[in-house]
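This is what each chain is made of:
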Amino acid sequence: MAAVAQQGEQSFFPISEISTYHAKWVIRARVTMKGLQRSFSGRDGKSGQVFNVQLLDESGSEISASFFGAVAEMYFPKIEQGKCYTLTGGSVRIANRQYNRCNHRYEIVFDRNAQVEEVADIAMIETVKYTFTDLHAVGNKTMPFSADLCCVITSVKPVVSFTSKDGKDLTKREITVADDTSTSISIALWGERAKQEDKIFEGNPVICLKGVLVREFNGGRNGSLMEAGAMDMTPKFPEAERVRAWWSKSGASANLTNISSALSSNREGLMDLKTLSEKTLPCACDLCGVVVSFRPIFSFTSKEGKELVKREITIADHSALSMSVTVWGDRAKQDDKLFEGNPVLLMQGVLVKEWNGGRSGSLLEAGSLTFKPETPEGQKVQQWWSAGGSSQSIGQLSQEGGGGTRGPAANAKPATVAEMRQAAENVGSEVQVFNVPCRLALVQTTKKGETQPLYYLACQEPRAGTTLLCNKRVSEDGFCAACNRQGKNAPRLNLRCRFSDFADSAWLTTFHEPAQGLLKTTAEEIRALETGGGGRDAAEAILRQKYFMEPLLVTVRAKMDSYNGEQRTNITCVDAQPLQRGPHGRALLKNIREMIGMLSDTGLMGGA
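Since the structure is predicted, the reported quantities are computational estimates derived from the model, not experimental observations. (Residues numbered from 1 in each chain as written. Predicted model: local features only at pLDDT ≥ 70, side-chain atom pairs only at ≥ 80, totals over all residues. Heavy atoms only, no water.)

### Quick notes on the nonpolar core
Rule in force here: In these notes, a set of buried Ala, Val, Leu, Ile, Met, Phe, Trp, Tyr and Cys residues joined through side-chain atoms within 4.5 Å is what counts as a nonpolar core. Relative accessible area decides the class of each residue, using a 1.4 Å probe on protein chains only: under 20% of the type maximum gives buried, over 50% gives exposed, and in between gives partly exposed. Each helix is a run of DSSP H or I of at least 4 residues and each strand a run of E of at least 2, with the numbering of both proceeding from the N terminus. Throughout, a residue-residue contact means that at least one pair of heavy atoms, one from each residue, lies within 4.5 Å.
Membership of the largest hydrophobic core comes to 31 residues, with the highest contact counts inside it found for M420, L440, F499 and V554. Ranked by the residues each element gives to this core, the list is headed by strand β25 (residues 432-443), at five residues. Not counting residues up to four positions away in its chain, the partners in contact with M420 are A415, F434, V436, A506, L508, V556 and I571.

As structure tokens, this is what we get:
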């Protein structure tokens, strides 16, 4: 039975013991973080208000809590960050790690039964609870995530004011911090924190930051101190003393690894596309290839209000593979004539990431682009192209985005369902891709008696520096944790599908693009059916019409993922197209001939 803290006749339940097994409790805690009040639209189309807090009690445990609806409007003006309260009447659920930055296994939702009362300050409860993560560990965690940091400021940039895409006037300052793991990272400070005098940041002071959101940017890792976070410029923690001692003794002259720079942290040098196709992603490298196609320049405005220009080019090399690479700014603006006539390019500093089951590159700002390089690798590529490469069949590492038709990944292995399952179970650090002929047998609509959602609401704001949409799941109020703001959203399909062939079946997670291809129906149409007069039954009727209707060629990706700190295999359907019966039939005949030939060679086939 959980212990309780007492004050007079009042008993308080420790936050460390909060779980779904305890229904009635009263906690006494300090509000260490309080977020903004935001509007949201639920699945039923109704709007409401929500805000989040983090609660810390004298046991030293911290938990995240959300206030929804009428209680959000009631308590938002009453609850103040830093003050102490008693709270009861909330429901407990498993913490959603996509939005919850606390270490507690559970989180609290306060709705109409909530009761919150302010109490006198409790000196035994800390004002801020830090759970520090060193920067070496920050460089290895799955993004995005939130961390508390204790570091020394190594450099600081001037304050910058700008207007965001949605018309907000913003102020930010970038600082670079390092710790005794000889690792550094760039952190963005916002608003009043950014406006503080320059001299506060000078002289390499030690700083403690609570609630730094770490995300990928240009192949590196950048941090942003969230509005509800905390910043301490005069920390007296043991961790702060340790970092000060390191900086004074050897840190100031140490060779720091900057995890905000892809080029300095994990650049792998010059490689051909065949070698690149086997590399673990993301990675940064140098490439040399001939331009086989290019697109016109494209101008757009990023979500930070920056005017950006890009151009996509496709290069191929002597490994008979090609890949799409995006170039930016003045490099993209160069005259079309430079890209015509299949010139050889040397690109140094290309960030390569997985996209749509394939691989795509982006030339980093700190990289370089050279036309017709006079290097051994450039000459090798030119000789290959001139000696027959221009007429050779070239495989594609990149997959076309958007709603167009895509081909199977060039490195996909043909497999039956059983072969795919067996290979996926033994997948290592490298991503494995398979092409599996099969049929759609079933879509999971219920699980343990509960209706399963067919779609989720996804952020439709562009990612920083690209025209690609974020597409991360938004919270119930429409807030995107990846973009750290509320913006446009749209439904995206997220299905569990069972695919079957002649001998076996497998359940595969099937996301938006392949799911729409399977169903020949859009996510908007599914939502319209589900919210219309026919309800969920109408949506499920559409699904049933597709079962076993046509043979498919399904592209499956298998890779190792980390979930809640545990390694497990992630098997996903990344593409689904109608099976081309002619080529498939010829491939089967070829296999039969090869098997007959093997039997003849071993003398196992008798004559008449």
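Once you've had a look at it, read on.
### Quick notes on helix α13 (residues 523-531)
Test applied: As used here, the arc is the angular range of directions from the helix axis to the C-beta atoms.
All of the buried residues along α13 are A523, I526 and E530. For α13, the angular spread of the buried residues around the axis is 60°, confining them to a single face. Where the residues of α13 are buried, they touch β28 (455-459), β31 (489-500), α12 (512-519) and α14 (535-544).

### Let's talk about the confidence of the model for the protein chain
To keep it simple, the criterion reads: The quantity known as pLDDT measures the predictor's confidence residue by residue, on a range of 0 to 100.
On average, residues of the protein chain score 84 in pLDDT, and 88% of them reach the 70 mark or higher. Predicted confidence for residues 1-6 stays below pLDDT 50, and this span has twelve contacts to residues more than four positions away or in other chains. Across residues 401-408, confidence stays below pLDDT 50; counting only partners more than four residues off in sequence or on other chains, it has 19 contacts.

### Points about the packing of aromatic side chains
Selection rule: Put simply, two rings from Phe, Tyr or Trp (the six-membered ring, in Trp's case) pair if the centres are within 6.5 Å, and we call them stacked under 30 degrees between planes, edge-to-face over 60, tilted for the rest.
If you walk through the whole model with that rule in mind, you get 13 aromatic pairs. Within the aromatic cluster, the residues linked to one another by ring pairs are W25, F51, F67, Y75, F76 and F110.

### Things to note about the pairing of strand β21 (residues 344-355)
Regular strands show a simple pattern: their side chains alternate between the two faces of the sheet. Our working rule: Here the rule is simple: two strands pair whenever DSSP picks up at least two bridges between them.
Bridge count between strand β17 (residues 283-294) and β21: eight bridges; the pairing is antiparallel. In the sheet register, C285 faces β21, and the bridge partner there is V350. Taken together, the ten bridges between β21 and strand β22 (residues 358-371) define a ladder with antiparallel strand orientation. Paired with L346 across the bridge in β22 is T370.

### Let's talk about the side chain of T326
If you trace the backbone, T326 turns up in strand β20 (residues 321-328). Discounting chain neighbours no more than four positions away, the residues touching T326 are K310, R311, E312, G361, S362 and L363.

### Quick notes on the pattern of salt bridges
Stated formally: Should a side-chain nitrogen of Lys or Arg be within 4 Å of a carboxyl oxygen of Asp or Glu, the pair is scored as a salt bridge.
Here the structure, examined in full by the defined rule, presents 24 salt bridges. Across the pair K195 and E192 runs a salt bridge whose closest N-O atoms are separated by 3.6 Å. Taken as a pair, K195 and E192 lie in helix α3 (residues 191-195) at a separation of three residues, close to a single helical turn. For K195, a relative accessible area of 46% translates into the label partly exposed. We classify E192 as exposed; its relative accessible area is 61%. For R536, the salt bridge identified is with E530, shortest N-O distance 3.1 Å. Each member of the pair, R536 together with E530, is buried. One salt-bridge network, held together by shared partners, links E530, R536, E540 and R544.

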